[in-house]
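Structural characterization, general
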Amino acid sequence: MDEFIATVESQEIPLHPLDTQAAFLNVPYHFFYPNENRSDGFMPSDVLRKTFYQALKRYPILAGYLRSEGTGKTTVVIDKNDLNMPEYLESTSNIPFSEMQEAKFHNSSWPSGLSTTGAITTASKDGRIKLINVHVVRMKDNSGVIIFVNIPHYVVDGTGFFSFVELWGTICRAERTADSDLKQQAAEQEFCFDRSLISRSLPATRKPLDAQTVNVYTGFSPLADWLAWLSPTTRGRVLDKAKFSSNVVSHTFRVSRDSLGQLRSQVCEHISDDKLQVADTHVLAALISKMVAQAHKKCREQGGQASGILGTLFSALSALSNVVFGPETNQSLNLLADVRHGLDIVDKNYMGNGLIPHNTQCPLSVLEAPTNAKSLAEATSIVSRIYGNADGPLVASFVDMISARPSCFTRPMVYLSRHPTSLVITNETGFKLYKADFGDGLPEWVCTIPSFVANFIGFLPSPPSSTDIVVNITLKSPVMKHILNNEFWRDLATIVY
């Protein structure tokens, strides 16, 4: 640690408006490593800690602190005389690793206190928001190790998060094996934290944004304006007390590529636009949006589902909105896309947030219709057109909009909270979940915290050797009950836990 501190240079990194779009959320993941050979030298604690700080040299932003202007503009300050040092914890457990394997890594089998942060970005005991949290847990009889890592969305998205964990693993493996080539490989990796890369990469042309996206980000919302005015630590306390995870249930499923590919072929037979590029994940997103809409319809027919202070408030506002404007006829679908592709900067190793939500309105009449290849084709077409539209000019228009209104980042959160059928879907199948090898092999399982936030869907890759898609679904409990009983979904997906 002292060696790391000695290398730090004071600097300020003004965050880009893209960084604040999910600034109130964390990126928390657990990595489960089995000691298959029962080696005494398995994942040595001293080397893990030492190499963590060596990796941190390449990510000095993670030792900075947040300074907010109260208008949505935030800067990471790296002050060598006042570092916001990471939280790095170590503990042991009396639970053998095999128990978690037998439970398929269900969170009920985890050691108590494994996750040291929740979904919402909040301050630590010293009053500051830590920009990285680590908890290394050694299982009974050295049978395995779990590494929990969390980095707030203020500073990275999934690309930056998994790049750091992989870098840490590479440096650790090189240290343990004295592999000079591996050390050189880690040393030559370049990471870009300069947020101006986004502005420099925007094309000259612009494409009009969807009217609903503009409405979400520019509409009248006193509550959103108040949340944006708060400091990051105060906003974190408010959102944490709002209990966005109350009455929330998460389940993880596995969907085979073969089955999904067959479904996509059936769906494409009913899509007349030959130029529309339809991916497996588009069909999956459309299917889930239909299931959730159908589940909400059943919940409405059976009674309300509000819980928590804000949940009750938003339900009351929704009821009032229904009286004034009429009941909702559309589902707000937010598909997260990576701007690195649209701006052609994939090769730059940009470590800031590169995700933008593509918002569209899917007619509930389409989504609530019984699920079959034809009705699914209609929903899939909507999803595929969104992704097909995510080019440089559209990204540039989105960046223009949020840059002109730095405080608009809280508006989508308030909008989604007021519209219970809304969904956020992120495709993380291309992320490096299973790339971090600390010298004893790749993790057997990687997953996020048990309950994230409601109406959040994540597509993750399966462990190596499988091409299946792991789907994590987090919904309010009454809605989830209907998902678990959905026959179409049960025929396609296998529940992991």
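Computed from a predicted structure; not experimentally measured.

In this section: the pairing of strand E12 (residues 445-448). Side-chain alternation along E12 places Trp445 and Cys447 on one buried face and Val446 and Thr448 on a second face that is also buried. Bridging between strand E2 (residues 26-34) and E12 involves four bridges; their strand directions are antiparallel. Within the sheet, the bridge partner assigned to Phe32 lies in E12 and is Trp445.

Before going further, it helps to examine empty space enclosed by the protein. If you walk through the whole model with that rule in mind, you get three cavities of 30 Å³ or more. Within this model, the largest cavity holds a volume of roughly 40 Å³. A breakdown of the residues in the lining of the largest cavity according to their chemical character gives four nonpolar, four polar and one charged.

Backbone geometry follows two general trends: most residues other than glycine have a negative phi, and most peptide bonds adopt the trans configuration. With phi around 50 degrees, Arg38 is a residue other than glycine that occupies positive phi space. For Arg38, the location among the structural elements is in the loop between E2 and helix H2 (45-56). A positive phi is found at Asn349, a non-glycine position, where the angle reads about 55 degrees. One can find Asn349 in the loop between helix H13 (339-342) and strand E10 (355-363).

What follows covers the confidence of the model for the chain. On average, the chain scores 91 in pLDDT, and the residues at 70 or more come to 94%. Across residues 305-311, where pLDDT falls below 50, the model places 16 contacts with residues more than four positions away in sequence or in other chains. Taken as a whole, residues 321-326 scores under 50 in pLDDT and shows three contacts with residues more than four places along the chain or in a different chain.

Quick look at H2 now. Taking 1.5 Å of rise per residue, 12 residues should cover 16 Å, and H2 covers 17 Å from first to last C-alpha, within 8% of that figure. Restricting attention to buried positions, one finds in H2 the residues Val47, Leu48, Thr51, Phe52, Tyr53, Gln54, Ala55 and Leu56. Those residues of H2 hidden inside the fold are in contact with helix H1 (2-7), strand E5 (87-92), strand E6 (133-138) and helix H4 (158-177).

This part takes up the side chain of His482. Within the secondary structure, His482 is located in helix H18 (residues 477-484). Judged by its relative accessible area of 17%, His482 falls in the buried class. Ignoring sequence-local partners within four residues, the contact set of His482 consists of Ala295, Lys298, Cys299 and Gln302.

Taken as a whole and judged by the stated rule, the model has 26 aromatic pairs. Taken together, a centroid distance of 6.3 Å and an interplanar angle of 40 degrees make the contact between Phe4 and Tyr53 tilted. Here Phe4, found in helix H1, pairs with Tyr53, found in helix H2; they are 49 residues apart in sequence, far enough to count as distant. The buried category is assigned to Tyr53, whose relative accessible area is 5%. On the basis of an interplanar angle of 70 degrees and a centroid distance of 6.3 Å, the ring pair of Trp445 and Tyr497 is categorised as edge-to-face. Within this pair, whereas Trp445 is found in strand E12, its partner Tyr497 is found in the segment after strand E15 (493-495), the two being separated by 52 residues in sequence.

Counting residues in each nonpolar core, the largest one holds 89 residues, and the members touching the most others are Phe32, Leu62, Ile147, Val149, Phe161, Phe164 and Trp168. With eight residues, H4 is the largest single contributor of residues to this core. In contact with Phe161, other than residues within four places in its own chain, are Val27, Tyr29, Phe31, Val149, Asn150, Ile151 and Val156. Counting residues in hydrophobic clusters, the runner-up holds 45 residues, among them Leu276, Val292, Ala293 and Ile457.

Turning to the packing of helix H7 (residues 211-218) against helix H16 (residues 392-404), a few remarks are in order. Look at H7 against H16: their axes get within 11 Å of each other, and the N-to-C directions meet at 15 degrees. Taken together, H7 and H16 sit at an angle that is classed as roughly parallel. Viewed along their axes, H7 and H16 form a crossing whose handedness is right-handed. Note on element contacts: H16 touches H7 through Phe398, Met401 and Ile402, opposite Thr213, Val214, Tyr217 and Thr218. By residue class, the composition of the contact of H7 with H16 is five nonpolar, two polar and no charged.

Strand order in the open sheet made by the seven strands is E10-E9-E11-E13-E14-E8-E15, with mixed pairing throughout. Here the strands that pair on one side only, and so sit at the sheet edges, are E10 and E15. This sheet shows a mean twist of 25 degrees between the axes of neighbouring strands, independent of strand direction. The pairing of strand E9 (residues 330-338) with strand E11 (residues 423-427) spans four bridges and is parallel. Bridging across to E11, Leu336 finds its partner in Thr426.

For the structure shown, the criterion picks out zero disulfides. Here Cys299 is not disulfide-linked; the sulfur of Cys362 is the nearest cysteine sulfur, at 19 Å. Since its relative accessible area comes to 3%, Cys299 is described here as buried.

Rules used in this analysis
- Residues numbered from 1 in each chain as written.
- Predicted model: local features only at pLDDT ≥ 70, side-chain atom pairs only at ≥ 80, totals over all residues.
- Heavy atoms only, no water.
- Buried < 20%, exposed > 50% of the residue type's maximum accessible area, 1.4 Å probe, protein only.
- Helix = DSSP H or I, 4+ residues; strand = E, 2+ residues; numbered from the N terminus.
- Pairing = 2+ DSSP bridges.
- 1 Å grid on protein atoms, 1.4 Å probe; cavity = no way out; pocket = protein on both sides within 12 Å on 5 of 7 lines; lining within 4 Å.
- Points joined across faces, edges and corners; volume = space filled by probe spheres on them.
- Nonpolar A, V, L, I, M, F, W, Y, C, P; charged D, E, K, R; others polar.
- pLDDT = per-residue confidence, 0-100.
- Contact = heavy atoms within 4.5 Å.
- Expected span 1.5 Å × (residues − 1).
- Phe/Tyr/Trp six-rings, centres within 6.5 Å; stacked < 30°, edge-to-face > 60°.
- Core = buried A, V, L, I, M, F, W, Y, C linked by side-chain atoms within 4.5 Å.
- Axes fitted to C-alpha atoms, helices over the stretch in contact; angles between N-to-C directions.
- Parallel < 35°, antiparallel > 145°, perpendicular 65-115°, else oblique.
- Left-handed = near helix turned anticlockwise from the far one by under 90°.
- Disulfide = S-S within 2.5 Å.

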